Number of protein chains: 2
Amino acid sequence: MATESELIAALSKVFAASDPKLIVGIGDDGAVISASPKNLVAATDMAVEGVHFKRDWSSLHDIGAKLTAANLADIYAMGGTPKYLLVSAGLSKDFGIPEIEELANGIKSEADLVGAAIVGGDLSSAEKLVISITAFGEVEKPITRAGAKVGDVVIISGLSGKSAAGLYQLQNGIADSPYIRAHKKPDLNYKLAANFQSVNSMCDVSDGLLSELNHIASASKVGIELDVELIKVIPGFDELAQIAGSNILQLVWQWVLAGGEDHVFVATTSSQIPVGAYAIGKVVAGDKVTVPGIAELPTNGFRHF
Amino acid sequence: MATESELIAALSKVFAASDPKLIVGIGDDGAVISASPKNLVAATDMAVEGVHFKRDWSSLHDIGAKLTAANLADIYAMGGTPKYLLVSAGLSKDFGIPEIEELANGIKSEADLVGAAIVGGDLSSAEKLVISITAFGEVEKPITRAGAKVGDVVIISGLSGKSAAGLYQLQNGIADSPYIRAHKKPDLNYKLAANFQSVNSMCDVSDGLLSELNHIASASKVGIELDVELIKVIPGFDELAQIAGSNILQLVWQWVLAGGEDHVFVATTSSQIPVGAYAIGKVVAGDKVTVPGIAELPTNGFRHF
């Protein structure tokens, strides 16, 4: 294993950032960023080898990029813009400079998509790889889970369930497919998320669509009714049905309604639906999330417990 | 194991904070904090079971408090004031509500010492307990490692090496002592650290005094010369010598110069020495840290690698 200072030197190179607002970056006790007139938004996510990823299945690049995406999604889901990341990692014994560089390049490749910079972190050893990322950014008007209003349209930035379908393929011996790639590293539509600014409530789908909608329903004290016909016409649904084959009923709705880690953005709005988003239901009086037409709802979201 | 929502409910109770600047706290995708006119300072630290702590030796309360202390120390070491914490944890299978509450209470007890609030986090499962904390705060004039000037006095907020002496006692079958307690959960002098505001450079001693001073020397392009006679008269030195017994030369200086995790604050200053701090040397021309009178310097700081 490389020494800590060798690893930090390699990381400083990968993460080199030129940002006039960054007063102190990597290499001191903490990072310092110029005061902003906007509110601060911050979120954190952890990924543990064997729980969130398998190194047999995913490259270090994908592992780094995927956790970064989850973290950036949280900031967008608050109506914010991510600016800076802190990365902590517990590295297993096989980590040398090439491994840390690959992981770091994965993190940076995703952060680059939104112009966020990695400004600090912490390294230690660990039996199995564990990574924790904290993103922070700016937000003018936070969008919470509590703002849904009866009469809102429920919208989504894309079809959920692709990552779950990819995991299913991996578990069934398929080596590569667009869904497997989506499982290893989802493609987030950050631009569309940034256009969700006039919505009343918002989440990213980390743990499954129903699970997130239940959070919105509970925090907003409303009910939500999804429309299966609207969901079926979202691009990609037919392909999921093909993968599921004869198991269509159980599997496709399991993926779409309860599959996690796609990080599509789901929101409720009383304004115009942003171009590129899909209506999938409505906010109603009540306290339940219902999907008329689906006989048996998946009972649980995707959880790392 | 308890469900994620049960754990989050328990955590929300322990971490309940009433802060008019906290716009969105625990329970949404991210936390939102009102804009501040001061610069933002942020730092992160990770602790891994078996690497940073042993649950046979330390209570969950101590484990939580110790990592929090390390994190808060980083913010003070930048000249900042910590305000908010995000906590990620990978929990082993034995974690139920009582365990998460004990860990959370440890984190909160330390954060309360400085008036910082826990505003969010992430939970997952893990084979072994792993915790990552990110602290945020405010800083007007950051104090980096790069500001030491030839002629500065090197000062320290207290004796380093107590945690290392405690670890030595633990490893030698002693069950309890003030040093063992300092190893399990160091007592940081946050008030004194806050009075280091006119210093030219500053670190907290995470990895050992020599290691931190080498960082300052290297970043500031200076040399540092420590004075063993000044160190010997810091309260507590004689007690360390008693613990070391006949091994005094190797052990005491190993603990004081290379023992980590005390999180005492070391700085260089051209102003008046803050009341309660101790002078231990001076900044000189050059690029090395020297300790005249110590025949063989410990070559390495305390590292979790």
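The structure presented is a predicted model; accordingly, all values stated were derived computationally and were not measured.

Turning to the sheet that holds strand 5 (residues 117-125) of chain A, a few remarks are in order. Pairing between sheet strands relies on hydrogen bonds along the backbone, with the strands arranged either parallel or antiparallel. Read from one edge to the other, the open sheet built from six strands follows the order 5(A)-4(A)-6(A)-3(A)-2(B)-1(B), with strand pairing classed as mixed. Strands at the two margins of the open sheet, each flanked by one partner only, are strand 5 of chain A together with strand 1 (22-24) of chain B. Neighbour-to-neighbour, the strand axes of this sheet turn through a mean angle of 20°, independent of strand direction. Across two bridges, strand 1 of chain B lies against strand 2 (residues 31-33) of chain B in antiparallel orientation. Opposite B:V24, over in strand 2 of chain B, you have B:V32 as the bridge partner. Sitting on the sheet, helix 3 (residues 97-114) of chain A touches strand 4 (81-91), strand 5 and strand 6 (130-139) of chain A, and the angle it makes with strand 4 of chain A is about 165°.

At the interface, 62 residues of chain A touch 62 residues of chain B. For the pair chain A and chain B, the two sides together bury roughly 4700 Å², of which 58% comes from carbon and sulfur. As a salt-bridge pair, B:R145 and A:D29 come within 3.1 Å of each other at their nearest N and O atoms. At the boundary of chain A with chain B, the tally comes to 20 residue pairs in polar contact (both at pLDDT 80 or more). Looking at which element gives the most residues to the side of chain A that touches chain B, the answer is strand 3 (residues 39-48) of chain A, with nine residues. Here the residues of the side of chain A that touches chain B are counted per class, giving 32 nonpolar, 17 polar and 13 charged.

With that settled, consider the UniProt feature "domain: PurM-like C-terminal" (unreviewed entry) in chain A. Using the residue numbers shown here, the UniProt feature "domain: PurM-like C-terminal" (unreviewed entry) corresponds to residues 149-291 of chain A. Overall, residues 149-291 of chain A shows 41% helix and 18% strand. The separation of its end C-alpha atoms is 18 Å.

What follows deals with helix 2 (residues 60-77) of chain A. An α-helical segment advances 3.6 residues per turn. Residues three or four places apart therefore align on the same side. Helix length check: helix 2 of chain A (18 residues) gives 26 Å between terminal C-alpha atoms against 26 Å at 1.5 Å per residue, within 8%. Backbone geometry just downstream of helix 2 of chain A places A:G79 in the positive-phi region, at approximately 85°.

This paragraph deals with the domain arrangement of chain A. Interfaces are often described in size by the accessible area the parts lose on coming together. Residues and elements named next belong to chain A. Domain parsing of chain A yields domain 1 (4-139) and domain 2 (145-290). Computed over C-alpha atoms, the centres of domain 1 and domain 2 are 26 Å apart. Facing 16 residues of domain 1, the contacting portion of domain 2 comprises 18 residues. Around 1500 Å² of area is buried between domain 1 and domain 2 when both sides are counted, 62% of it from carbon and sulfur atoms. Sorting the residues of domain 1 by area buried against domain 2 places W57, K66 and Y76 first, and these three jointly supply 44% of that buried surface. Linking domain 1 to domain 2 there are two salt bridges. Here K66 and E261 are joined by a salt bridge, their closest N and O atoms 2.5 Å apart.

Once that is clear, we can look at the side chain of A:S36. Note that A:S36 resides in the loop between strand 2 (31-33) and strand 3. In this structure A:S36 comes out as buried when scored by relative accessible area, which is 17%. Reaching out from A:S36, the side chain makes a polar contact with the side chain of A:E138 at a distance of 3.0 Å. Not counting the four nearest positions on each side in its chain, A:S36 is found in contact with A:E138, B:A35 and B:S36.

Now for the relation of the copies chain A and chain B. Rotating chain A by 180° and translating it 0.0 Å along the rotation axis places it on chain B, where the RMSD comes to 0.0 Å. The relationship between the two copies is best expressed as a two-fold rotation axis. The share of interface residues of chain A whose copies in chain B are also at the interface is 100%, consistent with both copies meeting through the same surface.

Cut-off values and rules
Residues numbered from 1 in each chain as written. Chains lettered and ligands numbered in written order. Predicted model: local features only at pLDDT ≥ 70, side-chain atom pairs only at ≥ 80, totals over all residues. Heavy atoms only, no water. Pairing = 2+ DSSP bridges. Helix = DSSP H or I, 4+ residues; strand = E, 2+ residues; numbered from the N terminus. Axes fitted to C-alpha atoms, helices over the stretch in contact; angles between N-to-C directions. Contact = heavy atoms within 4.5 Å. Buried area = accessible area lost by both parts, 1.4 Å probe. Salt bridge = Lys/Arg side-chain N within 4 Å of Asp/Glu carboxyl O. Polar contact = N/O pair within 3.5 Å; in protein donor to acceptor, adjacent residues only side chain to side chain. Nonpolar A, V, L, I, M, F, W, Y, C, P; charged D, E, K, R; others polar. UniProt positions renumbered as here; feature names shortened; annotations may be inferred. Expected span 1.5 Å × (residues − 1). Domains from an automatic or database assignment. Buried < 20%, exposed > 50% of the residue type's maximum accessible area, 1.4 Å probe, protein only. Least-squares fit on C-alpha atoms with pLDDT ≥ 70 in both.

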